[in-house]
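Structural overview
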Amino acid sequence: QLAAWPTALATMSEIPAVPIARVCSEEESSVLGISVHYLSTVFLKEVEDEFGHCDCNYYEVNQRMLASQKAKGADVICPRDGAKGCSYVDAVQILDPGNTDAANVMLSWSWQYSVRMVVRALVRWCEMEKRDPRKVFVWQCALCNNQFRVEASKASGEWESFETFKELFEKRMDHTSHVLSLMAPWSEPVNVTRIWCVFEKYVALAKGHKFDVIMPEEEDAKFQKALETTGMQPIWDLFFKVDIQKAQATAETDRRNILHLVDPDLPEDNLELYSNSCARINASVVYRLQQWFVKRALTSIQQREEAGESIPMKAYVNVAWLLSGQRAEEKTWGLVQEIYEKGVQAGRATNQENTTEFADLLCKLASFKQKNKVLTEAEELMQEAEMRFEKADARNTEEYADFLKCRALHMRRAGQYDEMTAKLHQAQEVLEQAGLQETRTYAGVLRYLGQCYRHSAPGKVMEYYEYSKFYFEETKSTYSQGYASVLTDMALHISRRHRQGGTELFEQARKMFVALGLTQSAEYASTLDKFGKHYEFHHMFPEAYEKLKEASDLQVELRMNNTRNHAHVLADLAGVEAALKKPEWEATIALCLDLVERLLKEEEEGSAEHKTLQRLKGKAEEKLANKGSHGKSMRRGNKTPRKSGDQDEDPGAKATPRGKGKGRTWSWGTSRTGSSLEGDEPGSVTRQDTASSTSDVQSDHHQNSWSGFSRRTNSGLDHIEEEAGGAEKGGKGKGRKGKGGKGRGKAAKDGGANGGDPSPTTP
């Protein structure tokens, strides 16, 4: 018998090892995860056997498979409390050993999702990240919490305390150090409306844990389709939905506790009162979602290029737009240009040059180069784009109107303000004749025209802005940078004329930027600058200092500290510091002068940019010589009293055009003669439409005081408003009609406008 043992042992060694079931400890059980492989094989099969399909949600699964007598763990002793009935993961640990282990990822999701969607998303993530699904152990609350105990607590009305729940939640997150957030549907994910999900995302980011977005294949395909067709407005809409104060919870007490944990000062009877702490959470989550969308879009383009697939021109435009929304790092801007140039190369290689899409792509690349001061190449690309639009017979399209807008902004940089205004009117004519008034492009056009008439006809400015705001609302584009920017322009115009209501509009615009995750953008820096100037107008110097200092710091962070925009902000900041008797105002003005001197060396003498910088230099030197005097030479001086006849300045007035589409009638007859938009292009690191949000601030430096705004006397305003009124009443200045109809008169004969806001063609 002893002699036979070696043979017997050799035979036994050939038998596959079988995992030995063991009861884990309470500590181990609390962080136990289940493998993705098990979920995609055994669990999915169990659900299908029970329901006949896998499209049921987890509320339904819980009722029949997790907390019922048919549940896998119904007769298993729970290692956490020693009572009968355990969680699904504990049952698997005992009954199907080898398929569980300490969780290494935590799923942030919603019970409303279907089983098929959740499992497929997890499997796809493993495939994309090249992770072995047998070694990825997921902590998923439905399967890892003991649902028998949860249901018993609900039945008795004894909910687990928030403190206990929070402690366990943080323990599991810290243990895994990796959160997977399931986004579905891609444009309206359920989990961004659930407060625990939003809070989970924030805590993961705040603690420095890994955070990945996962998405089912069918939802990813829809996102890829949007890149090629509809544009990116759904992404803005998605970002705006991330609002922890509006997110819901199954237990209202959880919602209240989370909000008070975030901001202890929130009043109990008004939890939706605006909170900076909550806004920071929203912005943090949105920014991380932005990063994921950018990464996924870039990966998709790269994979399709490597596979030799044909990629639509619009996909290149949309991906570049997504990328340009990130923080302005040098590598990012180089990548934006690379994406545009790849699209141009692909278009030439596939003989798509004479198409509307290719011409539009050339226009976007030209605009990008022009903003980064590669002016010769930008002009060459613009000329080719014009030719391609003509060959494509596309000069009656929204894309062509957008091209005219880009042309107009290029003219502004060259100091050709009358030509810019004419080009915008030409774009407006294109859109009206094509019946495209109800578009975001048209809304943006009207905003730019409002900027054009700030000096020649200020009485009409607010009317343009109101119509712009109206069309953003009509096209459901209120969750957009363009809408936030037009609110900023309206607020600044009101403030310049010392009207009431500017603060509310500025605050609304600021909140919009925060909600959209754009607080690290050049446009937001511009809004802060304008907000600071608004407070300066009203002699609210501490508030002005706070906003201008924040704008200056943000520009430095965005590497905009070598741009003229930054020089203007420094000049404004120095003026406020002087008013507050801060000793550092001299250092700030000296920094401004040093920057202007460096910028002057880069510009051609006699150019519009050079002249603007010279005027800024002169005003700054005058301020320095006057030792910070804050007298009447400054733009805020004596307030201009509101006149009883100034009806156009009411921020609450609703501009409501008559009719719809091509037949819409206008009552505008503002003369373009002598218009003097003294705006300028943004600095070298700005987004495509940065000019639209910064030009209003930059425009007056070379005509008015050193700090950047004009001061007009009452008689001067009266004179201008009388001229504008006369033009409107006179025969030559009569109203506009929708489709290029009669009654335009000489004053508005050239028609047309174009917007600077991202649109279906300018994503």
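Residues numbered from 1 in each chain as written. Predicted model: local features only at pLDDT ≥ 70, side-chain atom pairs only at ≥ 80, totals over all residues. Heavy atoms only, no water.

1. Here's the deal with the side chain of Arg 454
Relative to the helices and strands, Arg 454 is located in the loop between helix 21 (440-452) and helix 22 (458-474). For Arg 454, the side chain forms a polar contact with the main-chain oxygen of Gln 451, separated by 3.2 Å. (Helix = DSSP H or I, 4+ residues; strand = E, 2+ residues; numbered from the N terminus. Polar contact = N/O pair within 3.5 Å; in protein donor to acceptor, adjacent residues only side chain to side chain.)

2. Thoughts on the pattern of salt bridges
On inspection of all chains with the given rule, the structure shows 42 salt bridges. For Asp 55, the salt bridge identified is with Arg 116, shortest N-O distance 2.8 Å. Separated by 61 residues along the polypeptide, Asp 55 in the loop between helix 3 (36-51) and helix 4 (58-66) and Arg 116 in helix 6 (residues 115-128) bring together distant segments of the chain. A relative accessible area of 47% means that Asp 55 is categorised as partly exposed. One salt bridge in this structure joins Asp 81 and Arg 149, with 2.5 Å as the shortest N-O distance. Of this pair, Asp 81 sits in the loop between helix 4 and helix 5 (88-95) while Arg 149 sits in helix 8 (residues 147-156), and the two are 68 residues apart along the sequence. Overall, Arg 149 belongs to the partly exposed group, its relative accessible area being 24%. Because the salt bridges share partners, they merge into one network encompassing Glu 252, Arg 255, Arg 256, Glu 268 and Glu 272. (Salt bridge = Lys/Arg side-chain N within 4 Å of Asp/Glu carboxyl O. Buried < 20%, exposed > 50% of the residue type's maximum accessible area, 1.4 Å probe, protein only.)

3. Points about helix 9 (residues 162-176)
Every α-helical turn comprises 3.6 residues, leaving residues that sit three or four positions apart pointing alike. With 15 residues, helix 9 extends 21 Å between its outermost C-alpha atoms, agreeing within 8% with the 21 Å of an ideal straight helix rising 1.5 Å per residue. Looking at the packing, one finds that the buried side of helix 9 touches helix 2 (26-30), strand 3 (105-108), strand 4 (137-139), strand 5 (178-182), helix 10 (195-206) and helix 13 (252-262). Immediately downstream of helix 9, the backbone of Ser 177 shows phi near 55°, a positive value. (Expected span 1.5 Å × (residues − 1). Contact = heavy atoms within 4.5 Å.)

4. Regarding the packing of aromatic side chains
According to the stated counting rule, one finds 24 aromatic pairs in the structure shown. Three or more aromatic residues joined by ring pairs make a cluster, and in this case those are Trp 186, Phe 223, Phe 239, Trp 292 and Phe 293. Above the plane of the ring of Tyr 448 lies Arg 447, whose end atom (NZ or CZ) is 5.8 Å from the centre. (Phe/Tyr/Trp six-rings, centres within 6.5 Å; stacked < 30°, edge-to-face > 60°. Lys NZ or Arg CZ within 6 Å of the ring centre and 35° of its normal.)

5. Describing the confidence of the model for the protein chain
Counting all residues, the mean pLDDT for the protein chain is 79, and 77% of those residues have values of 70 or more. Mean pLDDT values for the elements of the protein chain range from 30 in helix 31 (residues 714-729) up to 98 in strand 4. Across residues 16-21, where pLDDT falls below 50, the model places 6 contacts with residues more than four positions away in sequence or in other chains. (pLDDT = per-residue confidence, 0-100.)

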